[in-house]
Amino acid sequence: MSEEAVKKIILKEDEDYIVNMGPQHPSTHGVLRMEVCLNGETVKYMIPHIGYIHRGMEKMAESNTYKQIIHLTDRMDYLSAHINNEAVCLAVENALGVEVPERVQYIRAILDELTRIASHHLWWSAFGMDLGALTTFFYGMRDREKILAIFEESFGSRLLHSFNTPGGLMHDVHPDFRKHTLEFVKYFRKKLPDYKNLLTDNVIFHNRTIGIGVMDKEMAVNYGVTGPSGRGSGFSCDIRKTAPYGIYDKVEFNEILYSEGDSFARYKVRMDEMEESLNILEQLVENMPEEGGFTAKMKPVVKLPEGEYFQRVEAARGEFAVFIVSKGEKYPYRIKFRSPNFSNLFVLSQLAIGGIIADLVAITGSLDLVIPDIDR
Amino acid sequence: MGKNNKLLEFIANSIPYGTLIQGFQYPELTVPSGKLHDAAGALKNFKEQPFDYLVSLTAVDHLEKFTMVYHLESTPTHTMIVLKADLANRDKTRIDTVSDLWVAAEFHEREVFDLFGIHFNNHPDMRRLFLEDDYGYPLRKDFKDDVNIIEYSN
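Fair warning: this is a prediction, and the values are worked out from it, not measured in the lab. (Residues numbered from 1 in each chain as written. Chains lettered and ligands numbered in written order. Predicted model: local features only at pLDDT ≥ 70, side-chain atom pairs only at ≥ 80, totals over all residues.)

Draft legend 1. Seen up close, the overall build of chain B. The helix and strand tally for chain B stands at 3 helices and 7 strands. The N-to-C order of helical and strand elements in chain B reads α-β-β-α-β-β-β-β-α-β. Against the compact-globule benchmark of 15 Å for 154 residues, chain B has a radius of gyration of 17 Å, which places it among compact chains. Across its three principal axes, chain B shows a C-alpha extent of roughly 55 × 35 × 25 Å. For chain B, the proportion of its 154 residues judged to be buried stands at 38%. The long-range share in chain B, meaning contacts at least 24 apart out of those at least 6 apart in sequence, stands at 45%. (Helix = DSSP H or I, 4+ residues; strand = E, 2+ residues; numbered from the N terminus. Rg over C-alpha atoms; globule rule 2.2 N^0.38 Å. Buried ≥ 20, exposed ≤ 12 C-beta atoms within 10 Å, placed from the backbone. Contact = placed C-beta atoms within 7 Å.)

Printed below as a string of structure tokens:
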């Protein structure tokens with residue numbers, strides 16, 4: 001139904017309120033405006049308004065070289081920056097038929113998993129805080145700091161490191177990279193029970209999330225909701241399993257699936273994923289070759305042969321895909337970023353209907369939206 | 001290709017008006033723009049491998065024509081297929097919506113409308129998504145913006 005049609009049917013002028021949540025509301029974690037129609041505290045409809053930080057990245061990319069585009073992808077989903085980089089790199093490498101050294105694939109996968117844990121840390125911190133549990137923010141930020149320290153040591157930056165480049169990595173990792181990664185795995189294993197005691201087993205938290213915002217599998221597939229949010233509804237969509245890239249076909253791990261589809265199921269998927277990522281990290285660090293360099297031989301100017309290339313990767317929030325149309329030049333003719341949050345956002349207006357405002361905050365938190373990734 | 005004979009057979013029987021080629025990664029099916037909705041519906045309702053997940057929907061401006069590109073995945077088997085349709089007329093570009101088949105398409109189509117100016121017939125909510133109504137269509141190759149410099153001289 002169109003927005004006008006929705007309003008005509010549902011809106012009763014003497015009973016209903018229209019409230020704008022955002023663009024500066026803390027629970028939206030960015031500039032998202034939710035137009036909420038309320039009867040008392042019950043949500044009658046919710047319309048998301050986006051575009052506040054639309055930067056036209058797809059247009060910008062058309063006049064940038066492939067190496068420059070890497071730096072744009074960082075700034076979409078800044079919490080899985082490394083994984084977004086990898087998508088463009090893999091697309092370019094596949095198109096050129098470049099064989100990347102095995103060591104690079106290991107390092108990339110280690111960074112992928114570290115990024116995923118760091119991203120889930122921030123989500124866990126903020127989700128607890130959205131629901132009124134301030135301690136989670138301090139716990140999560142304290143442990144995330146350890147990962148950012150590993151990043152800083154090797155790449156000199158903590159968030160947007162743009163460390164990937166077509167053919168390999170910008171430079172080699174720090175000599176202590178393996179040691180510190182293993183230390184973090186041990187450290188975080190000890191801390192995970194705290195997370196469980198604080199939030200996972202908390203009765204107040206259960207009351208706020210169990211049975212709230214139920215999304216069944218069909219709905220998840222239909223809306224294209226991927227990542228932990230989709231897997232909480234039983235939609236098997238882990239690209240690391242379904243279309244393996246890099247080293248992931250040599251790693252043993254489980255795809256986390258829950259079938260309840262409520263906010264708590266989405267929460268549990270992410271908590272289990274953090275543990276699974278620790279298992280992956282252990283395997284990777286153990287098998288990572290010491291020798292082998294950090295980049296394949298690449299020409300200074302990367303030109304893709306004429307054609308269309310599609311690369312999918314599993315970012316922290318779902319399926320990130322890049323679609324490149326090349327006409328044989330050093331710039332892409334057209335580039336499209338399929339961002340996970342874009343699809344995950346719009347299911348929110350369905351989940352919100354019939355709930356109360358506090359539930360809307362819980363559902364938004366459980367979908368883990370990053371707004372720059374929606375607007376691009 | 002070879003492996004997925006059932007899909008090939010199904011396409012040959014149900015979508016005879018389409019031309020199927022093997023692209024760089026996935027099979028690519030090109031159909032006339034008027035038949036796009038039929039072809040999409042047939043793929044979605046293919047019993048053995050229903051293409052029920054719309055991964056990506058976008059358009060490409062080739063100057064002489066627009067090409068709509070749909071990436072579809074069949075979730076039971078994780079098979080991918082690319083559906084394409086060419087749109088010749090630049091001024092009154094219209095194509096049927098597929099948002100009745102995949103709800104996800106509703107918002108992807110709004111984005112395409114916003115950035116390319118392609119109208120979708122029967123779309124439930126054909127408004128712009130990011131930009132103001134008088135902005136122009138920035139992803140068209142003939143778009144010029146004097147205020148915001150988003151294109152460098154190559």
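Draft legend 2. Spotlight on the overall build of chain A. Helix and strand counts for chain A come out as 16 helices and 8 strands. Rg of the C-alpha trace for chain A: 21 Å, near the compact-globule value of 21 Å for 376 residues, within the 12% margin. When its C-alpha atoms are laid out on the principal axes, chain A stretches across 70 × 50 × 35 Å. Counting the 376 residues in chain A, one finds 50% classified as buried. Considering only contacts in chain A between residues 6 or more positions apart, those separated by 24 or more positions represent 71%.

Draft legend 3. Inspection of the sheet that holds strand S3 (residues 53-61) of chain B at higher detail. Residue and element names in this part refer to chain B. Pairing in this open sheet of 5 strands is mixed, and the strands run S1-S2-S5-S4-S3 from one edge to the other. Each having just a single partner strand, strand S1 (19-22) and S3 make up the two edges of the open sheet. Each adjacent strand pair in this sheet contributes to an overall mean axis angle of 20°, direction not counted. Sheet strands touched by helix H3 (residues 104-116): S3 and strand S4 (66-74). Its angle to S3, the strand with the most contacts, is close to 10°. (Pairing = 2+ DSSP bridges. Axes fitted to C-alpha atoms, helices over the stretch in contact; angles between N-to-C directions.)

Draft legend 4. Seen up close, the packing of helix H5 (residues 102-130) of chain A against helix H6 (residues 135-155) of chain A. All names here are of chain A. Contact pair H5 / H6: the axes reach a minimum separation of 8 Å and the direction vectors enclose 160°. Judged on the interaxial angle alone, H6 and H5 are roughly antiparallel. Like other packed secondary-structure pairs, H5 and H6 cross with a definite hand, here left-handed. Contact residues: Leu114, Ile117, Ala118, His121, Leu122, Trp124, Ser125, Gly128 and Met129 in H5; Thr136, Phe137, Gly140, Met141, Asp143, Arg144, Ile147, Leu148 and Ile150 in H6. When the residues that make up the contact of H5 with H6 are grouped by side-chain class, the tally is 11 nonpolar, 5 polar and 2 charged. (Parallel < 35°, antiparallel > 145°, perpendicular 65-115°, else oblique. Left-handed = near helix turned anticlockwise from the far one by under 90°. Nonpolar A, V, L, I, M, F, W, Y, C, P; charged D, E, K, R; others polar.)

Draft legend 5. Looking closely at the confidence of the model for chain B. When pLDDT is averaged across chain B, the result is 83; 92% of the residues are at 70 or more. Two numbers describe this predicted complex: its pTM, 0.86, and its ipTM, 0.87. (pLDDT = per-residue confidence, 0-100.)

Draft legend 6. Main features of the interface of chain B and chain A. At the interface, 28 residues of chain B touch 31 residues of chain A. Sorting the residues of the side of chain B that touches chain A by element identifies S3 and H3 of chain B as the ones contributing at least two each. Broken down by element, the side of chain B that touches chain A gets its largest block of residues, 6 residues, from S3 of chain B. Of the residues belonging to the side of chain B that touches chain A, the class tally is 17 nonpolar, 8 polar and 3 charged.

Draft legend 7. Geometry of helix H4 (residues 81-96) of chain A. All names here are of chain A. The end-to-end C-alpha separation of H4 is 23 Å, in line with the 22 Å expected for 16 residues at 1.5 Å each. Most of H4 is tucked away, with 14 of its 16 residues classed as buried. Of the residues trailing H4, Gly97 is marked for its positive phi of about 70°. (Expected span 1.5 Å × (residues − 1).)

Draft legend 8. Looking closely at the pairing of strand S2 (residues 27-32) of chain B. All names here are of chain B. Sheet topology places S1 next to S2; 4 bridges connect them, and they run antiparallel. The partner of Gln22 across the bridge, within S2, is Pro27. Of the strand pairs in this sheet, S2 and strand S5 (residues 79-87) are connected by 5 bridges, and their pairing is parallel. Its bridge partner lying in S5, Pro32 is registered against Asp86.

Draft legend 9. Up close: the sheet that holds strand S6 (residues 307-315) of chain A. Residue and element names in this part refer to chain A. Read across the sheet, 3 strands follow the order S6-S7-S8 without closing on themselves; strand pairing throughout is antiparallel. The open sheet has two edge strands with one neighbour each: S6 and strand S8 (334-338). When the angles between neighbouring strand axes are averaged without regard to direction, this sheet yields 10°. Against the sheet, H4 touches S6 and strand S7 (318-326), its axis set at about 145° to S6.

Draft legend 10. Up close: the pairing of strand S2 (residues 33-39) of chain A. Residues and elements named next belong to chain A. In the sheet, strand S1 (residues 17-21) pairs with S2 via 5 bridges, with the strands oriented antiparallel. Bridged to Asn20 within S2 is Glu35. Taken together, the 7 bridges between S2 and strand S3 (residues 42-49) define a ladder with antiparallel strand orientation. Across the sheet, the residue bridging to Asn39 is Thr42, located in S3. What sits between the antiparallel neighbours S2 and S3 is a turn of 2 residues, in which Gly40 has the positive phi angle 65°.

Draft legend 11. Region of the structure containing the environment of Ala133 of chain A. Residues and elements named next belong to chain A. Relative to the assigned elements, Ala133 resides in the loop between H5 and H6. A count of 18 C-beta atoms within 10 Å places Ala133 in the partly exposed class. If we skip the residues at most four places from it in the chain, Ala133 touches Gly128 and Leu199.

Draft legend 12. Structural detail: the confidence of the model for chain A. Per-residue pLDDT for chain A averages 86, and the proportion of residues at 70 or more is 96%. Across chain A, the element-wise mean pLDDT spans from 60 in helix H1 (residues 3-10) of chain A up to 91 in S7 of chain A.

Draft legend 13. Highlighting the environment of Ser63 of chain A. Residue and element names in this part refer to chain A. Here Ser63 lies in the loop between helix H2 (57-61) and helix H3 (66-74). Given 14 C-beta atoms within a 10 Å radius, Ser63 is considered partly exposed. Residues Ser63 and Glu99 lie 36 residues apart in sequence; the distance between their C-alpha atoms is 27 Å.

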